[in-house]
Amino acid sequence: MAAGMAASGPGAVGARLGITGLVQGVGFRPFVHRLAARHGLAGWVRNTNGQVEVRLEGPAAAIDAFEAALGTDLPVLARIEAITREAVAAEGLSGFVVSASAIPSADERLPVSPDVATCDACLREFADPANRRYRYPFITCTDCGPRFTVIEGMPYDRERTSMRVFEQCAACLAEYQAPEDRRYHSETNSCPDCGPRLWFTRRRGERRVTGDAAIAEAAALLKAGGIVAVRGLGGFHLAADATSDAAIATLRERKHREAKPLAVMVRDLGEARAFARVDADERRLLESAARPVVLLKRGTAGGGQDRPALAAMVAPGLAHVGVMLPYTPVHHLLLEAVGRPLVMTSGNQSDEPIAIGNVEAFERLTSIADGFLLHDREIVARYDDSVLRVADGAPVFLRRARGFAPLPVDLPVESPRPLLAMGPHLKNTFTLLHGRRAWVSQHIGDLESLDTIEHFHAARRRFESLFHVRPEVVVHDLHPGYLSTRLALESGLPVAQPVQHHHAHVAAVMAEHGRLEPVIGVAYDGTGYGEDGATWGAEVLYADLVDFHRLAHLRYAPLPGGDAAARSPWRVAAGYLWATEGEAVLARTMRDVPGLLAGLVRRQLDRGVNSPLASSMGRLFDAAAAILGLCTEARYEGEAAMRLEAAAGDLPGTVLPFCITKTADGPRELDPLPLLVTLGERAAAGEPTGPLAAAFHDTVVHATAELVRHAVRETGCHTVALGGGCFQNARLVSGLRRRLEHDGCEVLLARQLGPNDGAVSVGQAAVAAARLAGLHTAVGTGDLATANGG
């Protein structure tokens, strides 16, 4: 019986269902309509009360079958969290309709779908000359297209999106109103007659070219070595020919991005395989609806030998390259017209937020781009591409944004007050927490410019409005100098106890795994303010969500020049090797450093001037890269460590000397001096760099496992959480996980969030919630083994 003909009839019963989860903006109401038709049920469905509400009338068995079928054949983007059902009196309803949405109250919080790639059904229409949407740059349906970047308010209806200015034509409206149509209640529905427009121009105010001619002119400019600013879903890309070193050199010079790797967009997997290896897990990520950038290992494992080679300047000196597949119709048109891979990097000057508006792009990108491919569908939220890699068959977030944010994360503790977690200074995200639900922002960036700070504030205002969270408390990092700390203190909100950076890393991993009981946390990264005022970054903690006890760390070493050491790995090596048996290694490492500068650094070390102490695994990687001659001056954050990982590859390694010491009442210390000296001496003796880089990684794994074994004996705890940016390194995380599991430990890894600073705001929120809720801790003081039941 068709939905329009369904009637409750004699013997009918009534039911009201409440369905929560990701069920708005994902084609869920049309799905319910079709399901009701299939089971011959009357009633209605609407968005309301933080959920989808369904009213049903019909045979009891049919309603049971309807409820059972809700969990099968869901729309691609939908996710059901809970279903409630109550019996109601049958009223003799006839037909089944999609009712108007009820505006949510201030107490209702609805998940918002991320933007997703164009679906296969739309692509088939897009490629069909007989279809009215043939080559239409903004084709969408209920299963695909923009969501987060067009939604201005919830519930998700067209009048609360930036598509409201495009009134549907008669043909589109008929689709929108037809229950059997794939575009039934598709809020972004449009066609060439009524939807957004695409055009190309060289400069603001100059001649516009529209339609296929716009794509043709943009493609011609790209093939000639030019740079095109392309307006996409969440902002602009800067596009260039990925097979041309000259084009990329121009892009790098204009964008002030000397060497940082650039993402590449390819037409299909065959084009990717012309220069990279793609395994089954990487393929699933590449082809997923999220369409993230995926790090692929360079190489030609099969196919594509006749295609143009990727330019060396895309990712100089690295073993991996970031690759993504097209995720909008404009991408498909452009890649088809160009016929080769394109660099698609964020549309901004380095360290600025991505540009989203046409006028903004002309103001900020004219010095970079030779032409602009524009459209008139307004972008409500800045939204960078997500970046992931695969390690041990599982995805690891390097940046969580398009395709994933703003999906929430549920914490294992309920906060008694709504709160705002400000996140870190670098790679910032923020988190709004209400109850157990943590709304994690998209990647904001480094809080080092006024534009990025305004992006932070705008994103925060939007999240508070979308998810109806009005924070009553703010929590921030322990570092008094972080801009995120200052913003928290200036927010006007009551300030919770600050959260130490590495505790937040461990807490973020605990939270996404739903853990409240203590863990051994290994937090390895570049920098974080320690409780003793020194720079921490290689920490073994015994931690729960309330407190932590520091069990072990890397031996402190001075960083001559302070922040300059992070940009000059040779300075870090000097801090470790100065006035030790490693002087000969240091002299070799500094052989290309100008004499005056080398002398200044030695005087800083001699006098302890501008040489803060640091226990940092990130800086240890820098020192090793400098000693091996891989990177003495870093042109972007993480370059030294990335080159070190690239050199190690899959080569076999050995365990080199290191030293672990323990004082009577303090934490254990890992002294890497024997390791660094051995690396330098073997490099000077002519041993190949690759095996030495592999040996460095394997020694860090072995030494860390030894520290954890001590921690297990001391605490009785066998659960280990790994957090911090160093665990983006696939060789490190894979080797350490295997070693710890071999030792009988349960290993918790970052999965829903990244291991890096992008997850710190979630850790801050979890710690603050646990403290506000009055949870007890047993890890800060006392007999640790007894506290853990060991």
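Structure: see above.
The residue count restarts for each chain, going from 1 along the sequence in the order it is written. The predicted nature of this model means local features are confined to residues of pLDDT at least 70 and side-chain atom pairs, given and counted, to a pLDDT of 80 or more, with totals for whole chains, interfaces and linings taken over all residues. Just so you know, side-chain values use all the structure's heavy atoms and leave hydrogens and water out.

### Remarks on the nonpolar core
Here the nonpolar core consists of buried residues drawn from Ala, Val, Leu, Ile, Met, Phe, Trp, Tyr and Cys, with membership extended through side-chain atoms lying within 4.5 Å. Classification of residues uses two cut-offs on accessible area relative to the type maximum, computed with a 1.4 Å probe and protein chains only: under 20% is buried, over 50% is exposed, and between them is partly exposed. Ranked by size, the top nonpolar core spans 77 residues in total, and within it Tyr-524, Leu-577, Leu-679, Phe-696, Leu-722 and Leu-740 carry the most contacts. Looking at which element gives the most residues to this core, the answer is helix H21 (residues 689-715), with 13 residues. Among all residues touching Phe-696, those that are not within four sequence positions of it are Leu-620, Phe-621, Ala-624, Leu-644, Leu-675 and Leu-679. Core analysis: the next-biggest nonpolar cluster, separate from the first, contains 65 residues, Ala-15, Leu-41, Ala-78 and Cys-122 among them. By the criteria applied, helices consist of DSSP H or I runs no shorter than four residues and strands consist of E runs no shorter than two, each listed in order from the N terminus. Contacts: residue pairs with any heavy atoms within 4.5 Å of one another.

### Description of H21
Compared with the 39 Å implied by 1.5 Å per residue over 27 residues, the 39 Å span of H21 between its first and last C-alpha is a close match. Among the 27 residues of H21, 19 are classified as buried, and the element is accordingly described as predominantly covered. Where H21 ends, the next residue or the one after it, Gly-716, has phi of about 75°, a positive value. Here, expected helix span is obtained from the residue count minus one, scaled by 1.5 Å.

### With respect to the side chain of Ser-615
By the element assignment, Ser-615 lies in strand S27 (residues 613-616). Here a polar contact is taken to be a pair of N or O atoms separated by no more than 3.5 Å, where protein atoms must pair a possible hydrogen donor with a possible acceptor and residues adjacent in sequence count only if both atoms sit in side chains. At 3.0 Å, the side chain of Ser-615 forms a polar contact with the backbone oxygen of Leu-554. Discounting chain neighbours no more than four positions away, the residues touching Ser-615 are Thr-535, Trp-536, Gly-537, Ala-538, Glu-539, Arg-550, His-553, Leu-554, Arg-555 and Tyr-556.

### Some thoughts on the packing of aromatic side chains
Aromatic pairing here means that ring centres of Phe, Tyr or Trp (its six-membered ring) are within 6.5 Å. Orientation follows from the plane angle: under 30 degrees is stacked, over 60 is edge-to-face, and everything else is tilted. Scanning the model with the defined rule gives 13 aromatic pairs in all. Geometrically, the ring pair formed by Phe-28 and Phe-31 is tilted, given 5.6 Å between the ring centres and 55° between the ring planes. Here Phe-28 pairs with Phe-31, and both are found in helix H1 (residues 28-38), just three residues apart, close to one helical turn. Taking relative accessible area as the criterion, Phe-28 reaches 1% and is therefore assigned buried. A ring pair is formed by Phe-397 and Phe-404, whose centres lie 4.8 Å apart and whose planes are at 90°; its orientation type is edge-to-face. Summarising the burial analysis for this pair, Phe-397 and Phe-404 share the class buried. Among the aromatic residues, ring-to-ring pairing joins Phe-148, Tyr-383, Phe-430, Trp-439, Phe-456, Phe-463 and Phe-467 into one connected group.

### Overview of the pattern of salt bridges
We define a salt bridge as a side-chain nitrogen of Lys or Arg found within 4 Å of a carboxyl oxygen belonging to Asp or Glu. Enumeration according to the criterion identifies 56 salt bridges in this entry. Among the salt bridges present, the one from Glu-271 reaches Arg-267, with a minimum N-O distance of 2.9 Å. Residue class for Glu-271 comes out buried when judged on its relative accessible area of 3%. On the basis of relative accessible area, Arg-267 is assigned to the partly exposed category, the value being 35%. With a closest N to O distance of 3.5 Å, Arg-515 and Glu-517 form a salt bridge. Because the salt bridges share partners, they merge into one network encompassing Arg-29, Asp-157, Glu-159, Arg-160 and Glu-187.

The quantities given are spatial measurements derived from coordinates; they are silent on function.
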